[in-house]
Structures are given as C-alpha cells and as structure tokens.
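One letter stands for each residue in the lines below.
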2 protein chains.
Amino acid sequence: MVDKLSNSIRYVLRALDIPKNFYELVSLQDVGIKEFAKCLNFLIEEGVVCYNKKLFSLTEKGVELRKKFGIESALHCTSCRKSLLLDKRIKNIFDKFVEITKKRPLISHDFWQEYMLPIDVLYRVEFIRSKNDLENNKFIIIGDDDLLSIALALTGLVKHVTVLEIDKNIVDLINFVAEKENLPITAMVYNVEQALPEKFIGKFDVFVTDPVEAQEGLKLFLSRGLCALKENGVMYFGITSLDTSHKKKLNVQKFLSKNNCVFTDIIKNFSFYGEDFQSSSVKESYSRTKLQELFSFDIGSPDKDWYNSHFIRVQVVGKADCANKEILLGKRLYVDSDVVTFVEEHV
Amino acid sequence: MVDKLSNSIRYVLRALDIPKNFYELVSLQDVGIKEFAKCLNFLIEEGVVCYNKKLFSLTEKGVELRKKFGIESALHCTSCRKSLLLDKRIKNIFDKFVEITKKRPLISHDFWQEYMLPIDVLYRVEFIRSKNDLENNKFIIIGDDDLLSIALALTGLVKHVTVLEIDKNIVDLINFVAEKENLPITAMVYNVEQALPEKFIGKFDVFVTDPVEAQEGLKLFLSRGLCALKENGVMYFGITSLDTSHKKKLNVQKFLSKNNCVFTDIIKNFSFYGEDFQSSSVKESYSRTKLQELFSFDIGSPDKDWYNSHFIRVQVVGKADCANKEILLGKRLYVDSDVVTFVEEHV
C-alpha cells in the first residue's frame, strides 16, 4: 500500500481534507459500494482513517500518506455545481508549460498532428487528477504532439511517463525538456503499426492517447494502450464528433466492450485545438481536406478555434484481451469513409 | 420537416440565435460531419438558413420554425466553461413543480422508490433540452416516481409523454395533474415484467428511465424502452455507483452495444435523491438494508442527501434488436449480488 494506492484509497484520502460522515464520504465514490466498503474497512484497520462520533478523519498516518502522494481536493465550480476548476498547483505550471510548447516543431500533416490548446492540456491533467488517476501513477502515452507528458510531469505528482511517438522531432524535444527540467519522462520513436515492445506489456497504470480517427487506426491505437495496461488499468482518449459518426463510435464501443473496458466518463467538447489562423499553410491545408467537398458553399478558413474533441475515460475490468502483433494499415491508419479533415495527399 | 425536426436540424436552429460562420457552427455538432453537412445543405436549399458574407443566419422561415418548436439557446456556465445552467423558462416552472410534488404518495420500498430532488429533475429536463431532444418529441418513461413527466410537460415544449408505472397511486396522481393542468401526458399501470403493449412498439423519440439496478431488472427496463423507440431514437437512464459495480456496468454496456446503442454522454453524480431525514421510517429502512452489513462500524443514518446517480445518454444507431416478451424475474428484478440499498424483506 505504501508504494501504490488504489483509486478507491485515493478517493478516501482526497475526500477527508475535513472529517466527513459515512454518507458524505460514500456519495461520490465510483467503484460500487462493495469494493468501497472493503477499502474503507481496510483503511480503518490499518490506522489510516479513524472513526469517531460518526465522523471519519485521517489519522497522522493518513495525513502523511496524503502528503506523500500529493493528494489534495479537486475543485468544482460553485456557480453550476458540476464542472472542474483548475487547481492552484495546476495553474502554477501554466506559464512554464506555455513557454515549453513554444519550442515545439511545426505541425506535420504527415502524422495528422494538431496541437491542443495548452490550457486544455492542463484541463486534461486536472480531470485525470479529479478521477484519482494522477498521483504516483505510471503513464504511457502514444502520440504526444500535445506535450501532455510534460504537463503531467510538471505537476510533480506522477511517477513516470513513457511517451511513444512517431515524430522524431517531438521525441527529441520531450527528452530534451525532460533532461533539462529533471522530469520523469522517457520518450522514444514508435510507429503504432509495430507490435508494442515486450517490456511495456502490462506495466502501466494509465494510458492516454489522442488517436487517429480512421476506424482501423483508432482501434489500433487503443489496442496498443490496452496491452500496455496493468490489470484494472485506466485509459483516456479523445475523439471528435467531426471525423467520427455514431456508427463508427458504436464499432469502437463494441471493440472496447469485448476487451472488458467500461466507459466511466464522456466529457463533450472538452479539448479545443489551436491554430495560427494567419498562416498561409493553415489556410492552404483546409482547402486540401475533403471538408469543402461536402458543402454547397465556400466554407472559408476558420478565424477562431473550432476543432475539438470529447474526452473519454474507460476502466478496464480485469484484463483486456488484445493481440499485440504488427499490423500494417498503410493509408487505412489515417483514412476511412468518415474522415474529412485529413490532408490525404501526404499518405 | 414541419412536424418533426431531427436532432441536427434543432442544433442548427438553436445555434443560429446570432449569425455564425461555418466553423463556429460546426464546432459543437454531435452527429459526424457528413450527416451534419447533409443537414446544413438541406436547410439552405429549403430556405431555412441563409448564407451570406461567410455567415449563416436564419431566414424568416427559419425564425418561425425556431419559434414554433420553442427552440432557444442552452446556457453554459461562464465560470467553468462547461456545465449547464437552468434556462429561465425551466426556472419558471420550478415553484409549480415543487407544489405538485408535495401531493405525491409516500414512497414505497416495495418498488424501490426514492424521489429525486425536484431541482435535479429540472436539471434533467435542461440537459435533455441542451441535447436537442426535448422540443416536440414523443417521450416514454418507465417508472416515474420522480414525476419527470410532469416537469417535461410543464415546459410546454414536448409533444406528448407516456408514463408506464407500477404504482397505481403515482399513475393516478400524474393523470389527475395532467387533466387539471391540461398537460399532454398519459399514465398507466404497467409492470416491466410484462411485454410492452403492441401499440407502443417503435413509436417514441425519447425514452427515459431510472431503472432498478439488479442486473437482470436493469436490462429488462432498458430493453422495454428500446422496443418503444423509433429508429435512431434516444435513451436516457440513471445509474448509481452504489449498487452497481464496474463489472455489472460492463455487462450492461455489452447488452447495449449488442443492441446498437452508442453512449454519447455520461454525467457523473448528476441527480441526488432526497429524503426526510427526521422520519423514523427512513432511519428504520436504512437499518434494514444490506449496507450496514458491509462495514465494521455503525453507519448511522444520513443527515443530508447522499444517494445519487449518473445520467447517461445513449443513441440508438438504426434499430435496437430486443425481444418483447413477458419475463418473470421475481426477486431478481430488484436484487443481485451488488445491490445493497434495497429493503429486501418486501419482495
């Protein structure tokens, strides 16, 4: 328990910033009451939580554990009761993160890159934290042009981040920053069509990816991540409503169901992708997608951020059962009949 | 098109309260760009939307259509960018709705009833509205101790609500209110174990339910709703994290995937259920659930609202394929190995 805390234990440590009664404590847990009961009984037995006059609070041991793992409360909006606000510590890394993102290479349409707004990268980190998946976990990311790995590591709360990325320029930047800032990240060049290196199989707590959206490519990204996860691991991925129809989403959902993955959260329109609207290459690239062909009028080029994705959290129940072999998809990695925002000439 | 608007058409009418350019318009649609393109091209062709100087706006015909169907913008929280605020019109029905809920019969543990807080019933209505599923739609609700049917109808925006409910007292109340207030609701006594009456098969746009949570019972509720839906219908249901483990959720997800249902939204801890904490019957009922047995300490009784559920939206892709026959589950309708908050002696 000292090295690694389960999601439910983290939930209790996070909730007990002030003493709470049973019903307050149980009302927001997310694992089912039986598993939660096991966890709470255990924490009392181990002297982490104490129960007195109908209130639960952390013992000295509990306070230490909370501190050691950097667990603090998540902030929710009081105006609307629901949404997430950025924690002070996450806000504190914003300037540094933006500074680092300025060094990144130009986007490459060869790899369907688009950069997420830096603030939205931090919202992802905050959301992951609010789900008890951040602290002291081992992360694996496939495809990291957003530099999420750096944002995760800058919090000082994760154990390690492994980045597998096809673009050598991005790999080099991440490793350079990691060394300079002394961050626990290792990045390496990897093409998702290759089998996942054996040393990564079943080794990670959390997998995050913003996959390509062609049906076969998307499933390939997710299957690599599932192979990398430990039992009961957690997967996060982004998906748009642009290049993905309901039919394709259903297909992906069937694939995930077969692999014992249960959807726990779907946050609509969570992440926006930024662009330099003045740049002629952006304008030019829009005119080269299939998007225009769908409309009877000139769609022009955008003048503010519009391309966005939903953020989805999936919990593996036990073990996923994906094969891990080389699969050469070629053009199908990037393109299917739904995808219209990809500049196809590059494939 | 005049009698019934698709979700995508409603999206465009809602978004064009002020003129928008293509990218603003497209950024929050949720059907995939190809279907969206078809819709937008169609609206221009039909003279509902006009395109001028790179901006889309509603024509006179569009403005009338918007008015006819009562479509106005959804409000999102500006503090946190994400969550829903209650629209003025929804707020306006709050007092009346609360007044009506005071007349409801005492909860019956025989049917696993718990009443949702009236304000959370209205949040459900607002959420359904924000998803373009409210206006002029035909609803079916199975189990309505929350009186959602009345809240939906009070908005004046739905076409009709059919309520199937096992408790005759609730059916009588709903029909009494519907008649008195001239609301388009029909309620009737129905036990979910019975096959759905033939006249309801494939007839509704939207199905809403807060099902029992025993695995077999839960699937039975959902399957009845799926039978009642038209092609590409929409289903909403609540599910707790208390009586439902990840394993059971996965089982339900597999069932839904098999029936061509794709999860589009999962809103955690969206609805809280209220109780009269002073009432001795509430205290007594807690001591009679299996909840206490799970803990090594006295859980006491709650002193504020704690029991809550997630709200899930599911889109049928084409047609679901459920059987519609009598299925007698007996005790299994209410109880499985996960369920701990049900007073079992009543079954």
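Figured I'd write up the structure that's included with this text. Only a predicted model underlies this, so the values are computations on that prediction, with no experimental measurement involved.

1. Quick look at the relation of the copies chain A and chain B
At step 1: Least-squares fitting of chain A to chain B yields an RMSD of 0.0 Å, with the transformation described by 0.0 Å of translation along the axis and a rotation of 180°. Such values leave the two copies arranged in the relation of a two-fold axis.
At step 2: Looking at the interface residues of chain A, 100% of them are also at the interface in chain B, so both copies use one shared face.

2. Description of helix 9 (residues 168-181) of chain B
All names here are of chain B.
At step 1: Given a rise of 1.5 Å per residue, 14 residues ought to cover 20 Å, and the 20 Å separating the end C-alpha atoms of helix 9 matches this to within 8%.
At step 2: Those residues of helix 9 lying buried are I170, V171, L173, I174, V177 and A178. An end-on view of helix 9 places all buried positions within 165° of arc, on one side of the element. Of the exposed residues in helix 9, the ones pointing more than 90 degrees away from its buried face are K168, E179 and K180.
At step 3: Buried residues along helix 9 sit in contact with helix 6 (94-101), helix 8 (148-154), strand 6 (160-165) and strand 7 (185-189).
At step 4: N-cap assignment for helix 9: the residue whose side-chain oxygen lies 2.9 Å from the backbone N of N169 is D167.
At step 5: Directly beyond the C-terminal end of helix 9, a positive phi value near 60° is found at N182.

3. Topic: the nonpolar core
At step 1: Counting residues in each nonpolar core, the largest one holds 78 residues, and the members touching the most others are A:L226, A:M235, A:L256, B:L226, B:M235 and B:L256.
At step 2: Here B:L226 is in contact with B:M235, B:F255, B:L256, B:N259, B:C261, B:V316, B:A320 and B:C322, once residues within four sequence places are set aside.
At step 3: Formed by 77 residues, the second largest nonpolar core is a distinct cluster that contains A:L65, B:A151, B:A153 and B:V234.

4. Remarks on the interface of chain A and chain B
At step 1: With 74 residues of chain A at the interface, the matching set in chain B holds 75 residues.
At step 2: In this assembly, chain A packs against chain B so that about 6600 Å² is buried in total across both faces, 59% of it on carbon and sulfur atoms.
At step 3: The largest share of the area that chain A buries against chain B comes from A:Y23, A:H246 and A:F297, three residues that together contribute 12% of it.
At step 4: There are four salt bridges connecting chain A and chain B.
At step 5: The shortest N-O distance in the salt bridge between A:K268 and B:D265 comes to 3.6 Å.
At step 6: For the interface between chain A and chain B, the tally reads 27 residue pairs in polar contact (both at pLDDT 80 or more).
At step 7: Residue classes in the side of chain A that touches chain B are distributed as 34 nonpolar, 23 polar and 17 charged.

About the cut-offs
- Residues numbered from 1 in each chain as written.
- Chains lettered and ligands numbered in written order.
- Predicted model: local features only at pLDDT ≥ 70, side-chain atom pairs only at ≥ 80, totals over all residues.
- Heavy atoms only, no water.
- Least-squares fit on C-alpha atoms with pLDDT ≥ 70 in both.
- Contact = heavy atoms within 4.5 Å.
- Helix = DSSP H or I, 4+ residues; strand = E, 2+ residues; numbered from the N terminus.
- Expected span 1.5 Å × (residues − 1).
- Buried < 20%, exposed > 50% of the residue type's maximum accessible area, 1.4 Å probe, protein only.
- Arc of directions from axis to C-beta.
- Polar contact = N/O pair within 3.5 Å; in protein donor to acceptor, adjacent residues only side chain to side chain.
- Core = buried A, V, L, I, M, F, W, Y, C linked by side-chain atoms within 4.5 Å.
- Buried area = accessible area lost by both parts, 1.4 Å probe.
- Salt bridge = Lys/Arg side-chain N within 4 Å of Asp/Glu carboxyl O.
- Nonpolar A, V, L, I, M, F, W, Y, C, P; charged D, E, K, R; others polar.

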